[in-house]
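Fold and contact review
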Amino acid sequence: MTTTHLSPVPAGHVVAYRDDGPLSAAMGTMVSGQIPPLPPALAGMFVTGVLLTLGVAGADGLAVFAPAVALLLAGPGSSHRHDGRLDWLVPPILRITEYGFVASVGFAHGVPPVIIFLLLGAILFHHYDLVYRVRQHVYPPAWLAAAGFGWEGRMLVVAAGAWFDGVTAVFVLLALYLWGMFGWESVTCWLAAPRSGTEAANLDIND
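Read on for a plain summary of the structure.

Conventions and cut-offs
- Residues numbered from 1 in each chain as written.
- Predicted model: local features only at pLDDT ≥ 70, side-chain atom pairs only at ≥ 80, totals over all residues.
- Heavy atoms only, no water.
- Helix = DSSP H or I, 4+ residues; strand = E, 2+ residues; numbered from the N terminus.
- Polar contact = N/O pair within 3.5 Å; in protein donor to acceptor, adjacent residues only side chain to side chain.
- Contact = heavy atoms within 4.5 Å.
- Buried < 20%, exposed > 50% of the residue type's maximum accessible area, 1.4 Å probe, protein only.
- Phe/Tyr/Trp six-rings, centres within 6.5 Å; stacked < 30°, edge-to-face > 60°.
- Expected span 1.5 Å × (residues − 1).
- Core = buried A, V, L, I, M, F, W, Y, C linked by side-chain atoms within 4.5 Å.
- Salt bridge = Lys/Arg side-chain N within 4 Å of Asp/Glu carboxyl O.

Here the focus is the side chain of H127. Within the fold, H127 resides in helix 6 (residues 113-136). Polar contacts involving the side chain of H127 include one to the side chain of R95, which spans 3.3 Å. Among residues more than four places away in sequence, those in contact with H127 are D19, R95, E98, Y99 and R154.

This is the structure:
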């Protein structure tokens, strides 16, 4: 029999929606959950929004990294339980800021709209799949967030493409990679999941 392990959903569902990559998770580990997540996320979104409004997304130098670095203010909050009354706002804040940054860089550097939407579609698919999994108690494996780079990793990759004057190529390669990786993992996970999602939270099928 094929060996399958379905990870249980963490106690704090809001944390599961964040989609933190290795860098953000490491920043959270350093503060051991002592920093509340909402204030730094709001600060990061505000600074990023101001920078994008000023046209930083169209810069060719290191300035294009500024929005991604600004949103990293939200990183230390990744290890918090997100059990505050308004902490559910953190994942939407991260989503809106990431999508806005990717779209801004793409349009500012003349990336064809279809390629921009292809990349955004891969990210949106992953986030929709993540939300649905949590609702069905079929949580993705821990390695998936790292393989998908997390919100901060994807923003830094896009910024690097602008810095090296290869935005279109980076958008195409990143979109193909994310669609392939997220699509493959999602299909294999759902095929391995039991019909009753509730059972998946405590299920381990071994040889």
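Attention now goes to unusual backbone geometry. The phi dihedral of D19 is positive, around 65°, even though this residue is not glycine. Mapped onto the elements, D19 comes out in the loop between helix 1 (13-17) and helix 2 (22-31). Residue classification places D19 among the buried positions, given a relative accessible area of 5%.

Counting across every chain of the model gives seven aromatic pairs. Each ring, one from Y132 and one from W190, has its centre 5.7 Å from the other, and the planes form 50°; the classification is tilted. Taken as a pair, Y132 in helix 6 and W190 in helix 9 (residues 167-192) lie far apart in primary sequence, 58 residues in all. Three or more aromatic residues joined by ring pairs form one cluster here, namely F65, W163 and F164.

The next subject is helix 9. Given 3.6 residues per helical turn, the α-helix brings residues three or four places apart onto the same face. The end-to-end C-alpha separation of helix 9 is 37 Å, in line with the 38 Å expected for 26 residues at 1.5 Å each. Taken together, the buried positions of helix 9 are occupied by V167, F171, L174, A175, L178, M181, F182, G183, E185, S186 and C189. Residues of helix 9 that are buried in the fold lie against helix 5 (90-108), helix 6, helix 7 (143-147) and helix 8 (150-163).

The biggest cluster of nonpolar side chains holds 40 residues, and the ones touching the most others in it are F101, V105, L119, W151, V158, F171 and L178. Secondary-structure elements contributing two or more residues to this core are helix 3 (38-53), helix 4 (66-71), helix 5, helix 6, helix 7, helix 8 and helix 9. When residues of this core are assigned to their parent elements, the largest contribution, eight residues, is made by helix 5. Once residues lying within four places of it in the same chain are set aside, the contact partners of F101 are L52, V64, P67, M155, V158 and A159.

The next thing to look at is the pattern of salt bridges. Applying the stated criterion to the full structure yields six salt bridges. Between R154 and E98 there is a salt bridge, with its nearest N and O atoms 2.6 Å apart. Of this pair, R154 sits in helix 8 while E98 sits in helix 5; the two residues are 56 residues apart in sequence, bridging distant segments of the chain. Across the pair, E98 and R154 agree in class, each one buried. Notably, a salt bridge pairs R133 with E185, separated by 2.5 Å at the nearest N-O pair.

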